[in-house]
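Below are the chains, spelled out letter by letter.
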Amino acid sequence: MKNPYKRDTTLLANPFDFLYQQSDAGISADDSIQELIDYAIGLEDQIEGDFDLDYLIFEVRNHTLSFVYTGLAAFKIKALKLYKNQFGSFRSFCTEALGVTHWQINRTIQASRTVLELIHNGFDILPRNEAQCRELSQYVGSELVRVWREITAEMPPHKITARTIHEYLNPEEEFEEEDTTIKLPRKLYSCIYSLAVDAGMSIVELLEETFIGHVEPVPIGKVLAWEEDMKNLLLEHQSS
């Protein structure tokens, strides 16, 4: 029987519809949300002749790199300890002020460094999210330039994803699909599920992005990063 509540994904829903609907819950007064609403209203108020396609292309590309802005701002906050008067630690600042874990922010900081290094070396095709940068994080300097030049020469931009980068950098790896069930304690499963929701991924996608391709030998920096991630996951699990 067809699910009557399932949305037809072949139709492109209008995201501006909600601007005209009365919200029973009320719109959040958070500044970042208000800024987003103002941006949406500004676009919706314009008619076809008002738009500059080149500007809209710039807007789309610019917002694709929003994670870099986040990483740069977060690094200055962390490096200068700007949080110390209001929060006891960078970990507390991330969870209480930003609503994400500190290791997620650390990954975003690392991603911003990768992107700026590529910009510094003349690239205009850049990684579009933190997951893509994570695949490149083991490379710096001339090696990063060489690898990214090869990837962008081999693939058109729309084909570049975290997975295709990984597969390009690890051509000898074979991925076999297995129908394997792993039993987890309910609290640990809930913790992993929450992390997946926060990242906008399914559980499988989160586990793939976190662990796929992590085989020996690996740089010691990545080993320490994985150990920190697992320690943080266990600490969060124990405190829940």
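Residues numbered from 1 in each chain as written. Predicted model: local features only at pLDDT ≥ 70, side-chain atom pairs only at ≥ 80, totals over all residues. Heavy atoms only, no water.

1. Brief notes about the nonpolar core
If you look at soluble globular proteins, the nonpolar side chains tend to sit buried side by side. Definition in use: The set of buried Ala, Val, Leu, Ile, Met, Phe, Trp, Tyr and Cys residues whose side-chain atoms join them within 4.5 Å is what this entry labels a nonpolar core. Three labels apply to residues, based on accessible area from a 1.4 Å probe with only protein chains included: buried if under 20% of the type maximum, exposed if over 50%, partly exposed otherwise in between. Each helix is a run of DSSP H or I of at least 4 residues and each strand a run of E of at least 2, with the numbering of both proceeding from the N terminus. It only takes one pair of heavy atoms within 4.5 Å for two residues to be counted as in contact.
Ranked by internal contacts, the top residues of the largest apolar core, which has 19 residues, are Leu136, Trp148, Ile151, Ile165 and Leu169. At five residues, helix H7 (residues 141–154) tops the list of elements feeding residues into this core. Ignoring any residue separated from it by four or fewer positions in sequence, one finds Leu136 in contact with Thr114, Pro127, Leu144, Val147, Trp148, Ile151, Ile165 and Leu169. One finds Ala74, Tyr83, Phe93 and Cys94 within the second-largest nonpolar core, a separate group that totals eight residues.

2. A closer look at the packing of H7 against helix H8 (residues 162–169)
The criterion, for reference: Comment: axis = line fitted to C-alpha atoms, over the contacting stretch for helices; angle = value between 0 and 180 degrees taken between N-to-C directions. An angle below 35 degrees is read as roughly parallel, one above 145 as roughly antiparallel, one from 65 to 115 as roughly perpendicular, and any other as oblique. The crossing is said to be left-handed when, going from far helix to near helix, the turn is anticlockwise and less than a right angle, and right-handed when the turn is clockwise. In this count, Pro and Cys sit with the nonpolar residues alongside Ala, Val, Leu, Ile, Met, Phe, Trp and Tyr, while Asp, Glu, Lys and Arg are called charged and the others, Gly among them, polar.
Between H7 and H8, whose axes approach to 11 Å, the crossing angle comes to 115°. Taken together, the axes of H7 and H8 lie roughly perpendicular to each other. Considering the relative orientation of H7 and H8, their crossing is right-handed. Within the contact between the two elements, H7 uses Val147, Trp148, Glu150, Ile151 and Glu154 and H8 uses Ile165, Tyr168 and Leu169. Taken together, the residues that form the contact of H7 with H8 break down as six nonpolar, no polar and two charged.

3. A short note on the side chain of Thr152
Counted only if it meets this: Pairs of N or O atoms are called polar contacts if they sit within 3.5 Å, as long as, within protein, a hydrogen donor faces a hydrogen acceptor (for residues adjacent in sequence, only side-chain-to-side-chain pairs).
You can see Thr152 is positioned in helix H7. In terms of polar contacts, Thr152 uses its side chain to reach the backbone carbonyl oxygen of Trp148, at 2.9 Å. Of note is the side chain of Thr152, whose polar atom sits 3.2 Å from the backbone oxygen of Arg149.

4. Examining the environment of Lys78
Residue position: Lys78 is located in helix H3 (residues 66–79). In this structure, the C-alpha to C-alpha distance between Lys78 and Cys94, residues 16 residues apart in sequence, is 9.9 Å. Contacts of Lys78, omitting those with residues within four sequence positions, involve Tyr83, Phe90, Asn106 and Ile109.

5. Quick look at the confidence of the model for the protein
The test is simple: Each residue gets a pLDDT score, which is the predictor's confidence in that residue and runs from 0 to 100.
Model confidence for the protein is summarised by a mean pLDDT of 80, while 75% of its residues fall at 70 or above. Taken element by element, the predicted model of the protein shows its lowest mean pLDDT in helix H11 (residues 220–239) (61) and its highest in H7 (95). The low-confidence segment residues 213–218 (pLDDT under 50) makes six contacts with residues lying over four places distant or belonging to another chain.

6. Here we look at H3
Put simply, the rule reads: Given the number of residues in a helix, its expected span is that number minus one, multiplied by 1.5 Å. Regarding the arc, it is the one traced by the directions from the helix axis to the C-beta atoms.
Taking 1.5 Å per residue, 14 residues should reach 20 Å; H3 reaches 20 Å between its end C-alpha atoms and fits that length. Listing the buried residues of H3 in full gives Phe67, Val68, Gly71 and Ala74. Down the axis of H3, the buried side of the element spans an arc of 130°, and every buried residue falls inside it. Where the residues of H3 are buried, they touch helix H2 (53–64), helix H4 (90–98), helix H5 (102–120) and helix H6 (130–136). A positive phi of about 55° marks Lys81, the residue just after H3.

7. As for the packing of H2 against H3
Their axes nearest at 4 Å, the elements H2 and H3 cross at an angle of 45°. Here H2 is positioned oblique relative to H3, judged by the angle of their axes. Residues Asn62, His63 and Thr64 of H2 lie in contact with H3, whose contacting residues are Ser66, Phe67 and Tyr69. Tallied by class, the residues present in the contact of H2 with H3 amount to two nonpolar, four polar and no charged.

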